[in-house]
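# Coordinates in review
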Amino acid sequence: MPAFLEVQNLVKSFGTNTVVKGVNFAFAKGEFISLLGPSGCGKTTILRMIAGFERPTSGTIRVDGEDITHLKPNQRQLGMVFQAYALFPNMTVGENIAFGLKVAGMPAEQRRARVDEMLKLIGLLGFDKRYPYEMSGGQQQRVALARAIAPKPRLLLLDEPLSALDAKIRVSLREEIRAIQRDLGITTVFVTHDQEEAMSISDRIVVMNSGNIEQLGAAHDIYNRPATRFVATFVGQLNTLPAGVLAGTPGERAIRPELISLAPRPETDLTLTGTIADLHFLGSVQRLRVDIGGTLVNIDTFNNQTSPLQRGDTVTLHLAQKDLLTLGA
Amino acid sequence: MKAQKFWPWLIVTLGAAYFLIPLLATFIFSLRMRRNEYTFDAYVSVFSDPKFYATFGYSLSVGVFTIIVGIFVVVPAVYFVRLRMPWLRPFMEFVTLLPLVIPALVLVYGYVRLYGSSSLIPFTGSILGTDILLTCAYVMLAMPYMYRAVDNGMRTIDIGTLTEAAQIMGASQVQIIGNIILPNILVAILSGAFLTFAIVIGEFTIASLLNRPAFGPYLVGIGTNRAYEPAALAIISFIITWGAMGMINVLGRFAPRTSARTD
Ligand SMILES: Nc1ncnc2c1ncn2[C@@H]1O[C@H](COP(=O)(O)OP(=O)(O)OP(=O)(O)O)[C@@H](O)[C@H]1O
Ligand SMILES: [Mg+2]
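Only a predicted model underlies this, so the values are computations on that prediction, with no experimental measurement involved.

All names here are of chain A. Strand order in the open sheet made by the six strands is β6-β7-β8-β3-β9-β10, with mixed pairing throughout. Every other strand in the sheet has two partners, leaving β6 (78-81) and β10 (212-217) as the edge strands with one partner each. Neighbour to neighbour, the strand axes of the sheet diverge by 15° on average, direction disregarded. Bridge analysis of β6 against strand β7 (residues 155-159) gives four bridges, and the strand direction is parallel.

Here you go:
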């Protein structure tokens, strides 16, 4: 498939501070992409350059084959959802959603039909006469989403749209966003610093660190085959086993907590012995911290123990050679 | 009454007395035109003077133009400074305070020199030109109030994000200011407009030196020639002022609420 959104050698400096250091990616039409990385790594800056709010120091941005690098934001035909909703406080929900259609010159009759269609899509039919201040944060953000997609933009850009919401709404709204995105087949770039959020809804994830792409791939690739030490430690939990902990493996290795078990499995071919230093009961999962000669290792096990474990118990850990990660630079 | 409530009450009472007693005295005096009798004769006299309507009407229309020009100058200026050149703000603060520091007399002599009938741009050569000059002078006089009112209005909304949200949907700069910024700072603009109006209605120096038939010079003229009418006029001015304030309050209730919920 030809690239629909293509970014080449994108660089952005503020004064002498280069915050985006030559980023390249290409995505197909309809993909849901997340830009994931710690605070200050340049995610928002990249999104704002795609939107046209920041001028790249160098590099090109193409949408559907068209070079948009130097277009003004209002010429790009993109949609964006902001962290702080940014609904127009002087307009009703209906007027907010219709705004993009109005400036595009759509006749009132069609506008009304499109607004209703959008309200139905976000499950807020009948709310068109309300003002933003009369709605909850989650409702406002759904309206902001409807407002962004009503003019049928070529790309949908979302900058941490869920981070102002409480945990429960965050999860339900992200699924809603994903469902709507899939429905409309709209190419979407989603910025987040929450790795769980990125992994749960993205087709592909761009993991960034201080202005560079560390890895680009589907969630399972990034989790199971992290390309760099940064990705391995930033995405998910990880145990590092210094050289010497595992007999017969020179150098440092790492392993995910859920790949260590207390009982042997067909594929396990290594064992470690230690004592339980700490244990946390998390409902369906039990997290153990095991002390192996001074190295602490986290283990997640399902909560199906017949005899409860205790602190100070000696346990044998079973793991498989093939699950071990070698961390690069 | 508890002790800690006594002092606040005393201060409020003293403050109220400070404002209300002279007003009351003025009002009573304005009713004393006829000997040993309280009548509204002074008011009748004021309202039967055609010059009252002529000068008030003149000042009213100059005031309206001043407000319109002021809005057109101040709103885009504040908007762009806040949005794109925030480092210019201290300079703007300073410049917009100048009209308070420079006496109107200095201002008007400067104007006459620059735009006098023998200058390159002879604004004072015609009546229309002089009216335009007067309006411009009033825009400047009202600038400190208009600037601060509009600046405060824009502080309460996130103009940066609202502008970007509108831009990405295809809106032009004019559409953004007209459809989003202006409606959201309407109350602030109204209070600026009201202050402008109050300044224009009472202004004497510039109007009289440019020799225009404004309400200020009329008030001063009455004040020097009559005894009771000035008091009646003062009360009328107060009522107009309060009326305008009431209007701002009423209109403010229709203003959009800008506080966004985040739950
Ligand atoms: N207008 C600006 N002027 C100067 N520096 C800026 C500007 N905008 C961003 N930066 C800097 O660029 C870097 C990247 O910022 P950016 O907002 O892209 O980070 P982010 O990845 O979105 O982080 P967060 O998760 O905290 O939102 C930061 O160090 C920030 O201080
Ligand atoms: Mg950001």
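On to the site of ligand 1. All names here are of chain A. Lining the immediate surroundings of ligand 1 are F14, V19, P38, S39, G40, C41, G42, K43, T44, T45 and E160. One of the side-chain nitrogen or oxygen atoms of T44 is found 2.5 Å away from an oxygen atom of ligand 1. Relative to its unbound accessible surface of 630 Å², ligand 1 loses 59% to contact with the protein. Looking at which element gives the most residues to the shell around ligand 1, the answer is helix α1 (residues 43-51), with three residues. The class makeup of the residues in the shell around ligand 1 is four nonpolar, five polar and two charged.

Time to look at the confidence of the model for chain B. Residues and elements named next belong to chain B. On average, residues of chain B score 86 in pLDDT, and 94% of them reach the 70 mark or higher. By mean pLDDT, the top-scoring element of chain B is helix α7 (residues 159-168) (94), and the lowest-scoring one is helix α12 (residues 229-254) (80). Note on residues 259-263: pLDDT is under 50 here. Beyond four places in sequence and across chains, it has 14 contacts. The ipTM assigned to the predicted complex is 0.86, against a pTM of 0.82.

About the thresholds
- Residues numbered from 1 in each chain as written.
- Chains lettered and ligands numbered in written order.
- Predicted model: local features only at pLDDT ≥ 70, side-chain atom pairs only at ≥ 80, totals over all residues.
- Heavy atoms only, no water.
- Pairing = 2+ DSSP bridges.
- Helix = DSSP H or I, 4+ residues; strand = E, 2+ residues; numbered from the N terminus.
- Axes fitted to C-alpha atoms, helices over the stretch in contact; angles between N-to-C directions.
- Near = heavy atom within 4 Å.
- Polar contact = N/O pair within 3.5 Å; in protein donor to acceptor, adjacent residues only side chain to side chain.
- Areas by Shrake-Rupley, 256 points an atom, 1.4 Å probe, with all protein chains shown as cover.
- Nonpolar A, V, L, I, M, F, W, Y, C, P; charged D, E, K, R; others polar.
- pLDDT = per-residue confidence, 0-100.
- Contact = heavy atoms within 4.5 Å.

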